[in-house]
Amino acid sequence: MTMRKRQAHDVAVIGGGIAGLTAAWHAAQTGMSVVLVEASPLFGGQVATLDRVDGFPSIAPVSGHGLAASLLEATVQSGVTLVEADVIAIEQEGALRRVATVAGAHRCRAVVVASGCRRRLLNVPHEASWAGRGLSHCVACDGGFYRGRDVLVVGGGDAAFQAAAALADICREVAVVVRGNARARRALVDRATGKANLRFIWGMEVDALLGDDGLSGVRLRDCSSGRLEEVACRGVFPLIGGIPNSAFLPMDVARTDTGHVCADDGFATTSPGIWAIGAVRDGYCGELAAAAGEAAAVIKAIAPRFRD
Ligand SMILES: Cc1cc2nc3c(=O)[nH]c(=O)nc-3n(C[C@H](O)[C@H](O)[C@H](O)COP(=O)(O)OP(=O)(O)OC[C@H]3O[C@@H](n4cnc5c(N)ncnc54)[C@H](O)[C@@H]3O)c2cc1C
């Protein structure tokens, strides 16, 4: 392995979600010097607040915060340098890459981008003003406020079905608004459909959030006919997918129209020295097990470059 630790790290990992933490841990275990840069004080990414994750192989139930905490601890014990800062650019500096943050820069020989996704919004009028007044994206954080109330979940994927089933255990009634087809995995569909107080509203999308002081309901629009319908509820949980965090990447990193990073089978992007894994990558299958798998695989792909 190289002896350049004071001058530059071997690898900079951008993002401290499950993909980034796992990649940093694997790289350190391989003997590389690693800096991991995470924008949020809360490591773990999208699952950092979840009380339960599904589809991650384990005998006992696994929580998102537990998984993140144990991975973070393992990463720190492996000697990874953690930096809490927002990466704003990746520049070339001779043979090295310079990962620029608002609080300084980190030079490295390879960059693993694991910056994931941020939540997609409903795109309805005054959406931001409803946050904390009936609009939430986090069941683990806010679900308890709606105990015994009627709530609405928006989305047809794993996250929406998982949230709907959890809310059904504490709320009076849960309505799940699905615009197209359900895309959630079978086990989650079965869990949700098994709840007596959970119903589905198919082929509609949210047109407006209604109420004065707090949320009293939503206006839905039929996706085919345009017909409008109001549904009373005190809370809305939109779980409608993510927008990739890729705007800070250099121009020569190819992206799709949606902003997902294009990478080859070994996770190399079109820009030499930059790899991409997890939810930011085009073709990512959306599951934590895959995020961890891609992290292990990318380090295996990079490692030969650092052998003496
Ligand atoms: C509500 C919900 C429930 C889910 N439940 C499950 C489940 O039960 N099972 C399952 O398999 N999957 C689940 N998923 C999907 C799973 O969360 C994702 O597949 C996984 O989190 C992707 O991991 P990641 O590390 O690639 O990205 P992310 O989790 O998005 O992490 C990316 C990290 O990068 C950081 N970051 C972004 N930009 C920058 C920047 N410029 N500089 C520094 N840091 C940056 C972010 O702060 C974040 O911490 C769920 C998703 C959601 C939203």
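Only a predicted model underlies this, so the values are computations on that prediction, with no experimental measurement involved.

Caption draft 1: Molecular detail of helix α2 (residues 64-77). The first and last C-alpha atoms of α2 sit 20 Å apart over 14 residues, in line with the 20 Å expected at 1.5 Å per residue. Within α2, burial applies to G64, L67, A68, L71 and T75. Buried positions in α2, seen along its axis, are confined to an arc of 95 degrees and lie on one side of it. Buried positions along α2 lie against α1 (18-30), β3 (81-84) and α6 (288-302).

Caption draft 2: Structural detail: the pairing of strand β4 (residues 87-93). With six bridges joining them, β4 and strand β5 (residues 96-101) adopt antiparallel strand pairing. The residue of β5 that forms the bridge with A89 is A100. Counted between consecutive antiparallel strands, the loop separating β4 from β5 contains two residues, among which G94 sits at a positive phi close to 65 degrees.

Caption draft 3: Structural detail: the UniProt feature "domain: FAD/NAD(P)-binding" (unreviewed entry) in the protein chain. Under the local residue numbering, the UniProt record ascribes the feature "domain: FAD/NAD(P)-binding" (unreviewed entry) to residues 9-293. The distance separating the terminal C-alpha atoms of residues 9-293 is 23 Å; by composition the span is 20% helix and 31% strand.

Caption draft 4: Structural detail: the site of the ligand. If you check the shell around the ligand, you find 34 residues, and the closest are E38, D54, Q162, Y284 and L288. Contact between the ligand and V87: a nitrogen atom at 2.9 Å from a main-chain N or O atom of the residue. Separating an oxygen atom of the ligand from a side-chain N or O atom of Y284 is a distance of 2.5 Å. Burial of the ligand by the surrounding chains reaches 89%, relative to a free accessible area of 1,000 Å². Elements represented by at least two residues in the shell around the ligand include exactly α1, β2 (34-38) and α4 (158-168). Split by residue class, the shell around the ligand holds 18 nonpolar, 11 polar and five charged. Per-domain counts for the shell around the ligand show at least three residues from each of domain 1 (9-118 + 242-306) and domain 2 (121-238).

Scoring rules and cut-offs
- For every chain, the first residue of the written sequence is number 1, and numbering continues from 1 onward in sequence order.
- Whole-chain, interface and lining totals are the exception, using all residues; otherwise, since this is a predicted model, local features are given only for residues with pLDDT of at least 70 and side-chain atom pairs are given and counted only at 80 or more.
- Derived side-chain values reflect all non-hydrogen atoms in the structure, with water molecules and hydrogen atoms excluded from consideration.
- Working definition: helices are DSSP H or I runs of at least four residues, strands are E runs of at least two. Numbering for both runs from the N terminus.
- The span you would expect from a helix comes to 1.5 Å times its residue count less one.
- Categorising residues by exposure relies on relative accessible area from a 1.4 Å probe, with only protein chains included: less than 20% of the type maximum marks a residue as buried, more than 50% marks it as exposed, and the intermediate range marks it as partly exposed.
- Here the arc refers to the directions that run from the helix axis out to each C-beta atom.
- Throughout, a contact is declared for two residues whenever any of their heavy atoms are within 4.5 Å.
- For two strands to pair, DSSP has to find at least two bridges joining them.
- UniProt positions are given in the numbering used here, feature names are shortened, and annotations may be inferred rather than shown by experiment.
- A single heavy atom is enough: if one lies within 4 Å of a molecule or strand, its residue is considered near that molecule or strand.
- The term polar contact refers here to a pair of N or O atoms within 3.5 Å; inside protein, the definition further demands a hydrogen-donor-capable atom paired with an acceptor-capable atom, and it admits residues adjacent in sequence only when both atoms are side-chain atoms.
- Surface accessibility in these figures is a Shrake-Rupley result with a 1.4 Å probe; residues are shielded only by whichever protein chains are displayed.
- Note on residue categories: nonpolar means Ala, Val, Leu, Ile, Met, Phe, Trp, Tyr, Cys or Pro, charged means Asp, Glu, Lys or Arg, and polar means any other residue, Gly included.
- An automatic or database domain assignment supplies the residue ranges for each domain.

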